[in-house]
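Analysis of the macromolecular model
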Amino acid sequence: MRSPILAALFATATSAATLDWTEAYTKANASLAKLSLSDKVNIVSGVGWNKGPCVGNTAAVSSISYPQLCLQDGPLGVRYATGVNAFVPGIQAAATWDRALMRERGVFMAEETKGLGIHVLLGPVSGPLGKNPTGGRNWEGFGADPYLQGIAMAETIEGMQSVGVQANAKHYILNEQELNRETMTSNIDDRTLHELYLWPFADAVHSEVVSVMCSYNKINGTWACEDPYVLDTLLKEELGFQGYVMTDWNAQHSTSESATAGLDMTMPGSDFDGNSIYWGSKLTQAVNSGQVPQARIDDMVRRILAAWYILGQDSGYPSTNLRGSVQGTHKTNIRATARDGIVLLKNEDSILPLKEPSKLALVGSAAVVNPQGMNACVDQGCNTGALGMGWGSGTASYAYFSAPDQAIKARAQADGTQVTMSASDSTSSVGSVVNGADVAIVFITSDSGEGYITVENNLGDRNDLDPWHNGNELVKAVAAAHDNVVVVVHSVGPVILETVLAQPSVKAIVWAGLPSQENGNALVDILYGDTNPNGKLPYTIAKSASDYGGQISSNSDDFNEGLLVDYRKFDHDEIEPRYEFGYGLSYTNFTYTDIFVDGRPVSGPAKGEIISGGRSDLWDTLITVTVTITNSGDVQGAEVAQLYIGYPESAGEPPKQLRGFEKISLEPGASDIAAFNVRQRDISIWDVAQKEWVIPKGTFTFSVGSSSRNLPLSSTLEAV
């Protein structure tokens, strides 16, 4: 069963946030009446790059006691601060499949943010979704499935905003690669846009996120930050978004066009050289000349002020101080998400958990902290030493760094285990290092990040899906010299493991992901069985890079794969993955029995009123699915039960789609019921002709199991 603390957290996570927009707008309107046009322009315009204490700043307006608004990166904690923690990236939180940990992570990040007097923390991320496995910023988000992304967005946002910090859902929308992101166009059909890429933003809006960041790219030929269909029609009308839209930094290209399309705030107010200023005095001129209606700038200001009021930032909010010390005891969440996001991919001969071995050998540069220092590389723009996160603006400085060698040596000392090590990726000396060891542990990595930094010839996006630093050859060399090899992979996303798996001596693969500053401690928890591995893959690991289909485009990104992204493509094209989406082993075993599906869905379109997140009835529970899960092994463990739904054949959907998950902790021999609430949106498709979500007529299949390819239970239900 869940712990009481996590159960309480989970209980709050099962429904959308309840924030009073009506009261906030009443306050915003009262303040709006006191503002001059100059005041209004100051509220919607950033002051310019590097002209304030934060990465984004607007001018204070004394007449309504409105402060200099501070906007700061990023999605895993506060960037450019000294007394903060670096939380795990989104992809690691996603690999836990643990709603309570996701929410707690949001709460703790926001507590640090508020403690520094920052009003807007620029995260979480659900764009990119990750249609290209080599995409540079995939690791900032929550995996290659919109349902998983949406749940993680909701938990994170509700956690953050419960503290009184403005969350920012980004990057809206279809910025799926770093190459040419500021010039390219993403060309997509309306159904794919709705069912995959808009889906998690609907969750964000339903959770009352107060701000959204539009992205750098064009969409079907129009810049995202001046696209009226994307900003007004989809976000503000269809999804009922009541907050404000800001640009990504220097993603604005016009004055009047962006204003009338639905943009509400420009950031940072200039380009990075202090030029390309589109609002400020130019917006004043546009309003005075009638190019931008007075009502439009009033709407911008009203939305921004309402976001400030709704979270209580108008009363007692701390002053901005990025040098404050706010770490608290938040490292407990970092260790828990780092640990529970570790996925055990292979465990032949039950080589793990380790049982007080006489001697261990550690091999690889990723076993140790960066010799130049844990924060030696600007914005983590290198892959030197142990890997905890990717690179770019979505990073933070480590408060400390538990490296694998440090944590393993500490445990080894307590156990009386001898440790030998080669903190190098050279294959020449591995024989002597591993000689006489009970187990040899090899560390390999793969890194990526934002395109303004190039690391080892990777321009943000990864050049390929191979391990870095000669990782395959390093594993081969160790495997040739030792019979019991454990491979630990720290990576931003999928890596092709065929060479690793071809070595008979490789008995175990531990997919350790991106564990941030608790890298070593989290790994030891799993290697020694202090915690039973319970993470699951938030993407597919293929046998060949070509199996994914999608690739980084040097011109336009045409989204020709449609709905067939990640496991949807593997299922549709009948491609056997190496490790499927949702996969992860345990040191125990779980059995699934007694599926029960209850509901009477009726085909047809959603008809409810527009609320935050879209039509109200889309969020109604129509079907419940329950299964019994039993721990049939010998040790305590947690299982992530996953629900996948197959649509009627006439719907033209992929074979199955994730539509529920629940993590259950069980003692040996114990059983519990996993329950899934299936909402109307979960069995609907986007009807392009009607421009509505519609439940198709026919037979739905409900399948439950431990991964997208291991679904022992299924049942059907007819939508009449």
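Residues numbered from 1 in each chain as written. Predicted model: local features only at pLDDT ≥ 70, side-chain atom pairs only at ≥ 80, totals over all residues. Heavy atoms only, no water.

**Some words on the overall build of the protein**
Secondary structure assignment for the protein yields 18 helices and 27 strands. In terms of overall dimensions, the protein has a C-alpha envelope of 80 × 60 × 50 Å along the principal axes. Split into buried and exposed, the 720 residues of the protein put 66% on the buried side. Long-range pairs, those at least 24 residues apart, make up 78% of the contacts in the protein with a sequence separation of at least 6. Approximately 23300 Å² of the protein is accessible, and the part contributed by carbon and sulfur atoms is 47%. For the protein, the distance from the average site of its 49 positive side-chain charges to the average site of its 80 negative ones is 2 Å. (Helix = DSSP H or I, 4+ residues; strand = E, 2+ residues; numbered from the N terminus. Buried < 20%, exposed > 50% of the residue type's maximum accessible area, 1.4 Å probe, protein only. Contact = heavy atoms within 4.5 Å. Areas by Shrake-Rupley, 256 points an atom, 1.4 Å probe, with all protein chains shown as cover. Lys, Arg positive; Asp, Glu negative; His and termini not counted. Charge placed at Lys NZ, Arg CZ, Asp CG, Glu CD.)

**Looking at unusual backbone geometry**
Between Asp73 and the following residue, Gly74, the backbone shows a cis peptide bond with an omega angle of 10°. Within the element layout of this structure, Gly74 appears in the loop between strand E2 (70-73) and helix H4 (90-96). Note the cis peptide between Gly123 and Pro124, where omega equals 10°. Note that Pro124 resides in the loop between strand E3 (120-122) and helix H6 (146-162).

**Overview of the state of the cysteines**
Taken as a whole, this structure holds three disulfides when the rule is applied. The disulfide partner of Cys54 is Cys70, and the S-S distance across this bridge is 2.0 Å. Handedness of the Cys54-Cys70 disulfide follows from its S-S torsion of about -100°: it is left-handed. Residue Cys54 is located in the loop between helix H3 (37-44) and strand E1 (56-57), and its partner Cys70 is located in strand E2; the two are separated by 16 residues in the primary sequence. Under the relative-accessibility criterion, Cys54 is labelled buried at 6%. The disulfide partner of Cys377 is Cys382, and the S-S distance across this bridge is 2.0 Å. For the disulfide bridge between Cys377 and Cys382, the dihedral angle about the S-S bond is near 95°, and by the sign convention the bridge is right-handed. (Disulfide = S-S within 2.5 Å.)

**With respect to the pairing of strand E14 (residues 485-491)**
Consecutive side chains along a regular strand alternate between the two faces of the sheet. Of all seven residues that make up E14, seven are buried, and the element is covered over most of its length. Neither face of E14 is open: one carries Val485, Val487, Val489 and Ser491, the other Val486, Val488 and His490, and all of them are buried. Both strand E13 (residues 439-446) and E14 contribute to a ladder of seven bridges, which runs parallel. The partner of Ser446 across the bridge, within E14, is Ser491. Between the parallel pair E13 and E14, the chain is carried across by helix H15 (residues 471-481), and the sense of this crossover is right-handed. (Pairing = 2+ DSSP bridges. Right-handed = clockwise from strand over helix to strand, strands pointing away.)

**Observations regarding the sheet that holds strand E11 (residues 359-363)**
Here six strands make up an open sheet; going across it, the order is E10-E15-E14-E13-E11-E12 and the pairing mixed. Of all the strands in the sheet, the pair left with one neighbour each is strand E10 (343-347) and strand E12 (418-422). In this sheet, adjacent strand axes meet at a mean angle of 15° when their direction is disregarded. Pairing of E10 with strand E15 (residues 506-511), which is carried by four bridges, proceeds in the antiparallel orientation. Looking across to E15, one finds that Leu344 is bridged to Val510. Those strands touched by H15 are E11, E13, E14 and E15, and its axis lies near 175° from that of E13. Helix H17 (residues 519-527) rests against E13, E14 and E15 of the sheet, and its axis sits at about 140° to E14. (Axes fitted to C-alpha atoms, helices over the stretch in contact; angles between N-to-C directions.)

**What to know about the packing of aromatic side chains**
Counted according to the given criterion, the structure contains 19 aromatic pairs. Taken together, a centroid distance of 4.9 Å and an interplanar angle of 70° make the contact between Tyr398 and Phe401 edge-to-face. Note on accessibility: Tyr398 and Phe401 belong to one class, buried. Plain terms: the ring middles of Tyr548 and Phe570 are 5.5 Å apart, the flat faces sit at 75° to each other, and that makes the pair edge-to-face. One end of the pair, Tyr548, is in the loop between H17 and helix H18 (567-572); the other, Phe570, is in helix H18, and 22 residues separate them in sequence. You'll find Tyr548 and Phe570 in the same group, each marked buried. Sitting above the plane of the Phe661 ring, Arg99 keeps its charged end 4.2 Å from the centroid. (Phe/Tyr/Trp six-rings, centres within 6.5 Å; stacked < 30°, edge-to-face > 60°. Lys NZ or Arg CZ within 6 Å of the ring centre and 35° of its normal.)

**Describing helix H7 (residues 190-206)**
Given a rise of 1.5 Å per residue, 17 residues ought to cover 24 Å, yet the end C-alpha atoms of H7 are separated by just 21 Å, more than 12% below that figure. At Leu198, H7 shows its strongest bend, of approximately 60°, with the proline Pro200 following within four residues. Across the 17 residues that make up H7, a large majority, 17, are buried. In this structure Asp189 caps H7, since a side-chain oxygen of it lies 3.2 Å from the backbone nitrogen of Arg191. Positive phi appears at Glu208, one or two residues downstream of H7, with a value of about 65°. (Expected span 1.5 Å × (residues − 1). Bend = angle between axes of the 7 residues up to and from the residue. Polar contact = N/O pair within 3.5 Å; in protein donor to acceptor, adjacent residues only side chain to side chain.)

**Digging into the side chain of Asn370**
Summarising the element assignment, Asn370 is placed in the loop between E11 and helix H13 (404-415). Judged by its relative accessible area of 6%, Asn370 falls in the buried class. Here Gln372 takes part through its backbone nitrogen, which lies 2.9 Å from a polar atom of the side chain of Asn370.

**Concerning the confidence of the model for the protein**
On average, residues of the protein score 96 in pLDDT, and 98% of them reach the 70 mark or higher. Overall, residues 1-16 carries pLDDT values under 50, and its contacts beyond four positions in sequence, including any with other chains, amount to 20 contacts. (pLDDT = per-residue confidence, 0-100.)

**What to know about the packing of helix H12 (residues 331-340) against H17**
Two quantities define a packed helix pair, namely the angle between the axes and the distance from one axis to the other. Close contact between H12 and H17 brings their axes to 8 Å; oriented N to C, the two are set at 50°. It follows that H12 is oblique to H17 by the angle criterion. As for how H12 packs across H17, the hand of that crossing is right-handed. Residues Arg335, Ala338 and Arg339 of H12 form the contact with H17, whose own contacting residues are Asn521, Ala522, Asp525 and Ile526. Grouping the amino acids of the contact of H12 with H17 by side-chain chemistry returns three nonpolar, one polar and three charged. (Parallel < 35°, antiparallel > 145°, perpendicular 65-115°, else oblique. Left-handed = near helix turned anticlockwise from the far one by under 90°. Nonpolar A, V, L, I, M, F, W, Y, C, P; charged D, E, K, R; others polar.)

**Structural notes on the side chain of Asp461**
Relative to the helices and strands, Asp461 resides in the loop between E13 and H15. The charged side chain of Asp461 is buried without a salt bridge, its nearest counter-charge being Arg462 at 8.5 Å. At 2.8 Å, the side chain of Asp461 forms a polar contact with the backbone nitrogen of Gly136. One polar contact links the side chain of Asp461 to the main-chain amide nitrogen of Glu178, over a distance of 2.9 Å. (Salt bridge = Lys/Arg side-chain N within 4 Å of Asp/Glu carboxyl O.)

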